[in-house]
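Fold and geometry: a report
The residues making up each chain are set out below.
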Amino acid sequence: MEKRAVIGISTGLITDDGGMFPGYRRIYVNEDYINAVLAAGGVPVMIPMNGDREALAAVVDKLDALLITGGDDIDPIRYGEEPHRGLGKIVPERDFCDFTLYELARERHLPILGVCRGFQLINIAEGGSLYQDLGERSGEVLKHSQGHSPRLATHTVNIRPDSKIASILGVTEHRVNSFHHQTVKKVGTPFTEVATAPDGVTEAVELPGDDFLIAVQWHPEMLESVDPVMRKLWSAFIAAGLRYRAAKN
Ligand SMILES: [Mn+2]
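What counts as what
- Residues numbered from 1 in each chain as written.
- Predicted model: local features only at pLDDT ≥ 70, side-chain atom pairs only at ≥ 80, totals over all residues.
- Heavy atoms only, no water.
- Helix = DSSP H or I, 4+ residues; strand = E, 2+ residues; numbered from the N terminus.
- Rg over C-alpha atoms; globule rule 2.2 N^0.38 Å.
- Buried < 20%, exposed > 50% of the residue type's maximum accessible area, 1.4 Å probe, protein only.
- Areas by Shrake-Rupley, 256 points an atom, 1.4 Å probe, with all protein chains shown as cover.
- Lys, Arg positive; Asp, Glu negative; His and termini not counted.
- Charge placed at Lys NZ, Arg CZ, Asp CG, Glu CD.
- Salt bridge = Lys/Arg side-chain N within 4 Å of Asp/Glu carboxyl O.
- Donors = N, O, S within 2.8 Å, 3.2 Å for Na, K, Ca; no water.
- Axes fitted to C-alpha atoms, helices over the stretch in contact; angles between N-to-C directions.
- Parallel < 35°, antiparallel > 145°, perpendicular 65-115°, else oblique.
- Left-handed = near helix turned anticlockwise from the far one by under 90°.
- Contact = heavy atoms within 4.5 Å.
- Nonpolar A, V, L, I, M, F, W, Y, C, P; charged D, E, K, R; others polar.

This part takes up the overall build of the chain. Within the chain, the secondary structure is distributed over seven helices and 13 strands. For 249 residues, the compact-globule estimate of 2.2 N^0.38 gives 18 Å, and the C-alpha radius of gyration of the chain, at 17 Å, lies within 12% of that figure. Seen through its principal axes, the chain has C-alpha atoms that stretch 55 × 50 × 35 Å. In the chain, which comprises 249 residues, the proportion classed as buried is 51%. If you sum the accessible surface of the chain, you get close to 11,000 Å²; carbon and sulfur atoms cover 53% of it. Side-chain charges in the chain split into 26 positive and 34 negative, and the spacing between the mean points of these groups amounts to 4 Å.

Below is the structure:
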């Protein structure tokens, strides 16, 4: 029997600007996600973005955990809003795939980790909403779109001491990277907000109870190689995958 947890990784779409095939479509994932899963002992499996729900269900059935990755903005119609001026690029096909993967994994109580867009998507799937651009949020807003140096942590997050993520990371305050121009407006109903930036922006949520369902607005995969604290999040996620596999068999 396979001794390592198999971690499904959601993917995105790149359309070639130039080169040999302008307009050609490619499915991709950032290499850091693969490396972070491998470093924590997991087996990474890319799930190619597609619109075949039955095929996606067949893949999810073979997984021990699901990682929902970062990427473009989510179509605001998903939370009942028209597009505002600050909205970035949207890819409805990817939205379909990612929401479907989330739903399938949630039904099966798979461990789920959401990163950046994945964090936002999970919130929306559970009835939450977004500020389509941080400029729509009133009051002081920190720089959340740092725009450079993926491995550089630039702002602080305060973590609820009684949260699962605090016990995983072993800290209640930490510095993280930040590559988002949107942010959570309403937290999804079943979730607890477990980390915030000093300006009040939601930076992590988790599901109370036994399931491993944690989502973060920052990019822990980019910090994995430089930050031992972030490494603990990956270890805990892979460990949850192994527990899921053991319970299933
Ligand atoms: Mn941030």
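A word on the pattern of salt bridges. This structure, assessed with the given rule, holds 15 salt bridges. Here Glu103 makes a salt bridge to Arg53, at a shortest N to O gap of 3.0 Å. Within this pair, whereas Glu103 is found in helix α3 (residues 92-107), its partner Arg53 is found in helix α2 (residues 53-60), the two being separated by 50 residues in sequence. Note that Arg245 and Asp64 form a salt bridge whose closest N and O atoms lie 2.7 Å from each other. Of this pair, Arg245 sits in helix α7 (residues 228-248) while Asp64 sits in the loop between α2 and β5 (65-68), placing them 181 residues apart in sequence. Salt bridges sharing partners connect three or more residues here, namely Arg53, Asp61, Glu103, Glu107 and Arg108.

Right, let's talk about the coordination of the manganese ion for a bit. As a benchmark, a tetrahedral metal site with four donors has ideal angles of 109.5 degrees, while an octahedral site with six donors has ideal angles of 90 or 180 degrees. Protein coordination at the manganese ion comes from His144 (ND1), His155 (NE2), Ser178 (OG), His180 (NE2) and Glu203 (OE), with a distance range of 2.2 to 2.3 Å. For the manganese ion, the single-chain donor residues occur in sequence as H-x10-H-x22-S-x1-H-x22-E. Each member of the pair, Ser178 as well as His180, carries the same accessibility label: buried.

Another point: the packing of α2 against α3. It is the contact of α2 with α3, at a shortest axis distance of 10 Å, that shows an interaxial angle of 45°. Comparing the axis directions of α2 and α3 gives the class oblique. Read as a crossing pair, α2 and α3 show a hand that is right-handed. Here Arg53, Leu56, Ala57 and Val60 of α2 come into contact with α3, specifically with Cys97, Thr100, Leu101, Glu103, Leu104, Ala105 and Glu107. Class assignment for the residues of the contact of α2 with α3 results in seven nonpolar, one polar and three charged.

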